[in-house]
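# Per-entry structural report
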Amino acid sequence: MSTEPTGTHIVSRSHELRVALKGLRKSGRTIGLVPTMRALHEGHLSLVRAARAECDIVVVSIYVNPTQFGRGEDFDRYPRDLEADTGYLSDLGVNWVFAPTDAEMYPAGFDTWVQPGRIAERWEGEFRPGHFRGVATVVLKLFSMVGPDRAYFGEKDYQQLLVIRRMTEDFNVPVTICACPTVREPDGLAMSSRNAYLSPEHRRQARVLSQSLCSAAESVASGERSAKNLVTAMRSIIATAADAVIDYVAVVDPNTLEPVSSVTGPVQALLAVRIGGVRLIDNLRLTPPEVSAPAPSPE
């Protein structure tokens, strides 16, 4: 793919970005968007690499969105290091970094919101009221500001991925949503900016999340078909971590996120667990070996 324009350009005003991209779009360049909230890690960078491979121009937004944080959550202490983040992105050949201010994203008098429907009600929607309203609103604004052909999201935030896909379809937004696999640490922990909050001991305990998911996958491969049994076994593994507090563990339909009673086809295992007060989420597709074709991925 073309690397034009050369260098990494950092802008904070959407008008400036829109003007710059207008000419590139007219010349036939394809534009990829990777939305992020700073504190970039290998999970984010894998999305950037996917965008670089498929698009002529790559835009990475860096914005800690206040409207998707609830009362008592970690907005104020969320990691922020714009200089380090832009350094990573420059090394990967990102063309534009869009780092808007709160005033740019939510100007005085802002009062219009995207309210997701049923897909957002359970799981994260229950434990983080208003979270997906903030996510859907800021993502729709980014789509409007950037006008990407393709936008890249990680499967680690599985419910968010489905919420964004539903919103994009419902509002006829002309962008392809590209889902990228979860990137994990060598011990299996899903990469997350919030991992930085974990003490060494809690980092060790956090391994139970991926261990419980892998155990569920092994159980399904061995013939277990009861969702209830899978959930019970996952919760038991998580409970071996002394400081783990479970928000939810579930086995659900991968397209609707509704709970299932038996594993008759591909399902999604979801979990959210607090380890020493740090809230972590993870998920994994569970597919019985007798199923020849997996359910459609949220792409």
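Residues numbered from 1 in each chain as written. Predicted model: local features only at pLDDT ≥ 70, side-chain atom pairs only at ≥ 80, totals over all residues. Heavy atoms only, no water.

## Remarks on helix α7 (residues 158–170)
Just so we agree on the cut-off: Secondary structure elements are taken from DSSP: a helix is a run of H or I of four residues or more, a strand is a run of E of two residues or more, and numbering for both begins at the N terminus. By this rule, a helix spans an expected 1.5 Å times one less than how many residues it contains. To sort residues, take the accessible area from a 1.4 Å probe on protein chains only and compare it with the maximum for the residue type: under 20% means buried, over 50% means exposed, and anything in between is partly exposed. Contacts are assigned to residue pairs with any non-hydrogen atoms lying within 4.5 Å of each other.
Helix length check: α7 (13 residues) gives 18 Å between terminal C-alpha atoms against 18 Å at 1.5 Å per residue, within 8%. α7 sits mainly inside the fold: 10 of its 13 residues count as buried. Within α7, burial applies to Tyr158, Gln159, Gln160, Leu161, Leu162, Val163, Ile164, Arg165, Met167 and Thr168. Next to the buried residues of α7 lie α5 (124–127), α6 (131–146), β5 (150–154), β6 (176–180), β8 (267–275) and β9 (278–286). Downstream of α7 by one or two residues, Asn172 has phi in the positive range, about 55°.

## Remarks on the packing of helix α9 (residues 207–221) against helix α10 (residues 227–238)
Worth spelling out the cut-off: Each axis is a line fitted through C-alpha atoms, taken for helices only over the stretch in contact, and angles between the N-to-C directions span 0 to 180 degrees. For classification, angles of less than 35 degrees are called roughly parallel, those exceeding 145 degrees roughly antiparallel, those between 65 and 115 degrees roughly perpendicular, and all remaining angles oblique. When the near helix sits turned anticlockwise from the far one by under a right angle, the crossing is termed left-handed; a clockwise turn instead gives a right-handed crossing. Three classes are used, and their members are as follows: Ala, Val, Leu, Ile, Met, Phe, Trp, Tyr, Cys and Pro are nonpolar, Asp, Glu, Lys and Arg are charged, and the others, Gly among them, are polar.
Running from amino to carboxyl end, α9 crosses α10 at an angle of 150°, the nearest separation of the two axes being 9 Å. Comparing the axis directions of α9 and α10 gives the class roughly antiparallel. Relative to α10, α9 is oriented so that their crossing is right-handed. Along the contact surface, α9 presents Val208, Gln211, Ser212, Leu213, Ser215, Ala216, Ser219 and Val220, while α10 presents Leu230, Met234, Ile237 and Ile238. Looking at the contact of α9 with α10 residue by residue, the class counts come to 8 nonpolar, 4 polar and no charged.

## With respect to the sheet that holds β8
For the record, the criterion: Strand pairing is assigned whenever DSSP detects at least two bridges linking the two strands.
The strand order across the open sheet built from 3 strands is β7-β8-β9, with neighbouring strands paired in antiparallel fashion. Across the chains shown, the open sheet's two edge strands, defined by having one partner strand only, are β7 (244–252) and β9. Mean inter-strand twist for the sheet, computed between neighbouring axes without regard to direction, equals 10°. In this sheet, β9 lies alongside β8 in antiparallel orientation, the contact comprising 9 bridges. Across the sheet, Leu270 pairs through a bridge with Asn283, a residue of β9. Sheet strands in contact with α9 are β8 and β9, and its direction is about 15° off that of β9.

## Things to note about the packing of helix α1 (residues 14–26) against α6
The interhelical angle for the contact between α1 and α6, taken along N-to-C directions, is 55°, at an axis separation of 8 Å. Between α1 and α6, the angle is such that the two are oblique. Here α1 contributes Ser14, Leu17, Arg18, Leu21 and Arg25 to the contact with α6, which in turn contributes Ser144, Met145 and Val146. Grouping the amino acids of the contact of α1 with α6 by side-chain chemistry returns 4 nonpolar, 2 polar and 2 charged.

## Regarding the packing of aromatic side chains
Which entries qualify depends on this criterion: Stacked, tilted and edge-to-face are the three classes applied to pairs of Phe, Tyr and Trp rings, where Trp contributes its six-membered ring and a pair requires centres within 6.5 Å; stacked means planes under 30 degrees apart, edge-to-face means over 60, and tilted covers the rest. Here, a charge over a ring means that NZ of Lys or CZ of Arg falls within 6 Å of the ring centre while also lying within 35 degrees of the ring normal.
With the rule as written, the count across this model stands at 5 aromatic pairs. Ring centres of Tyr106 and Trp113 lie 6.0 Å apart, and the angle between their planes is 25°; this geometry places the pair in the stacked category. Relative accessible area serves as the criterion here: at 29%, Trp113 is assigned to the partly exposed category. The interplanar angle of 45° and the centroid separation of 5.8 Å between the aromatic rings of Phe127 and Tyr248 together place this pair among those described as tilted. In this pair, Phe127 sits in helix α5 while Tyr248 sits in strand β7, placing the two residues 121 residues apart along the sequence. On the basis of relative accessibility, which here comes to 31%, the residue Phe127 falls in the partly exposed class. One aromatic cluster in this structure is built from Tyr106, Phe110 and Trp113. The ring of Trp113 carries Arg133 above its face, with NZ or CZ at 4.1 Å from the centroid.

## Section: the sheet that holds strand β2 (residues 31–36)
Two strands in a sheet stick together by hydrogen bonds in their backbones, pointing the same way (parallel) or opposite ways (antiparallel). Read across the open sheet, the 6 strands follow the order β1-β4-β3-β2-β5-β6; overall the sheet is parallel. Two strands lie at the open edges of the sheet, namely β1 (9–11) and β6, each paired on one side alone. Strand-to-strand twist of the sheet, defined as the mean angle between neighbouring strand axes without regard to direction, takes the value 25°. One ladder, built from 6 bridges, connects β2 with strand β3 (residues 57–62); its direction is parallel. What sits directly across from Val34, in β3, is Val60. Contacting β1, β3 and β4 (96–98), helix α3 (residues 82–91) crosses the sheet at an angle of about 165° to β3. Contacts between α6 and the sheet are confined to β2, β3, β4, β5 and β6, with β2 contributing the most and set at about 150° to the helix.

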